[in-house]
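Reading the structure
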Amino acid sequence: MTERLEELMERAAGGRGPIVLLTGAGISAESGIPTFRGAEGYWTIGSRHYRPMELATWSAFTEVPDDVWGWYLYRRSVCRAAAPNAAHAAVAGLERSIGDRFLLVTQNVDGLHLRAGNTLARTFQIHGSIDFMRCAAECVSDPEPLPETLGTEWEKGRPPGPREKDLLRCSRCGGPARPHVLWFDETYDEPRFRFQSSLQAAIRAELLVVIGTSGATNLPNQMCEIVASRGAPMVVVDPEPTPFSELALGSRAGVFREGTACAVMPALCDEIRRAVAGAGKA
Ligand SMILES: [Zn+2]
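Residues numbered from 1 in each chain as written. Predicted model: local features only at pLDDT ≥ 70, side-chain atom pairs only at ≥ 80, totals over all residues. Heavy atoms only, no water.

1. Observations regarding helix H5 (residues 65-81)
So the rule is basically this: The secondary structure listing takes helices from DSSP runs of H or I that are at least 4 residues long and strands from runs of E that are at least 2 residues long, numbered from the N terminus. By this rule, a helix spans an expected 1.5 Å times one less than how many residues it contains. To sort residues, take the accessible area from a 1.4 Å probe on protein chains only and compare it with the maximum for the residue type: under 20% means buried, over 50% means exposed, and anything in between is partly exposed. Two residues qualify as a contact provided that any one of their heavy atoms is within 4.5 Å of a heavy atom in the partner residue.
The end-to-end C-alpha separation of H5 is 24 Å, in line with the 24 Å expected for 17 residues at 1.5 Å each. Among the residues making up H5, those that are buried are Val68, Trp69, Gly70, Trp71, Tyr72, Leu73, Tyr74, Arg75, Arg76, Ser77 and Cys79. On the buried face of H5, the contacting elements are strand S2 (43-45), helix H3 (52-55), helix H4 (58-63), helix H7 (112-116), strand S6 (128-135) and strand S8 (177-181).

Written as structure tokens, this is what we have:
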């Protein structure tokens, strides 16, 4: 813990705005979750090989909905077989300690933050979640959890059968449901993905901690740009320099903590907790 970081924590804790954590694939890498963007993401339907960017689309879902569901159910089984790690536990512990000062914005669809104990109320899943589905006809925008009776194990390449297709239905209109995931040919919005609320959080944040994300997507970029341009405290945690660590180091109150999420987050969350508790007593 450097003096610089301690000073930033005290400054952040003394304010009234939220302490915002932004997480990406890096925090789940130590739980063994593949990104599904590289080689592990390739998927074969019949004789055709799909790249993830082709399959994770509304257009693919309209053409081969069962195969898209099969791919998501398999990916979900991989996520469910993994366990939250020390970094997820530290983040969940921080929410328990600082309550309403806490806000988590995650790009991850793996559900590990919620399984570690973070609450849905204070977790914005800006790319959706593999554990949720929603009405394909959008009769309602709220996602609902996948039914328990579906089970969490799935064999690679198996599309849902008649029993499963019956479970993958909108509980309101009875029509087919779709995975609640932001697809490559879709855009962020507020009701489903908390787009405006996430930008508002960046505008009001007393501190932004960026963990394991390198800035490939639009909303995290905008959030980091906003915080850096405000000169608000920003801590970037990553094993290697990223565009976000460069941004932090070039801003008035940015710090780069080089290391994996599991190595850095437990101590960092303790520091935040202590700073917030100290500010409460002052
Ligand atoms: Zn519906």
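2. A word on empty space enclosed by the protein
If a probe the size of a water molecule is rolled over the atoms, the empty space left behind becomes visible. Using the following cut-off: The way it works is a 1 Å grid over only the protein atoms, where trapped points that fit a 1.4 Å probe form a cavity and open points with protein on both sides within 12 Å along at least five of seven lines form a pocket, and then any residue with an atom within 4 Å of a point lines it. Grid points are joined across faces, edges and corners, and a volume is the space filled by probe spheres set on the points. For this classification, the nonpolar set comprises Ala, Val, Leu, Ile, Met, Phe, Trp, Tyr, Cys and Pro, the charged set comprises Asp, Glu, Lys and Arg, and every other residue, Gly included, is treated as polar.
Scanning the entire structure with this criterion turns up one cavity of 30 Å³ or more. Its volume calculated, the largest cavity comes out at about 30 Å³. In this structure, the largest cavity is lined by Thr106, Asn108, Asp110, Gly111, Leu112, His113, Leu114 and Gln125. Considering every element that reaches the lining of the largest cavity, the biggest residue donor is H7, with three residues. Of the residues contributing to the lining of the largest cavity, the split by class is two nonpolar, five polar and one charged.

3. Looking at the sheet that holds strand S7 (residues 144-145)
Our working definition: Pairing between strands requires that DSSP locate at least two bridges from one strand to the other. A fitted line through C-alpha atoms serves as each axis, taken over the contacting stretch for helices, and the angle formed by two N-to-C directions is quoted from 0 to 180°.
In spatial order, the strands read S7-S6-S8; together these three strands make up an open sheet with antiparallel pairing. Edge positions in the sheet fall to S7 and S8, since each of these pairs with one other strand and no more. Pairing of S6 with S8, which is carried by five bridges, proceeds in the antiparallel orientation. Within S8, the residue paired with Cys135 across the bridge is Ala177. Its contacts with the sheet put H5 on S6 and S8, and the angle it makes with S6 is roughly 145°.

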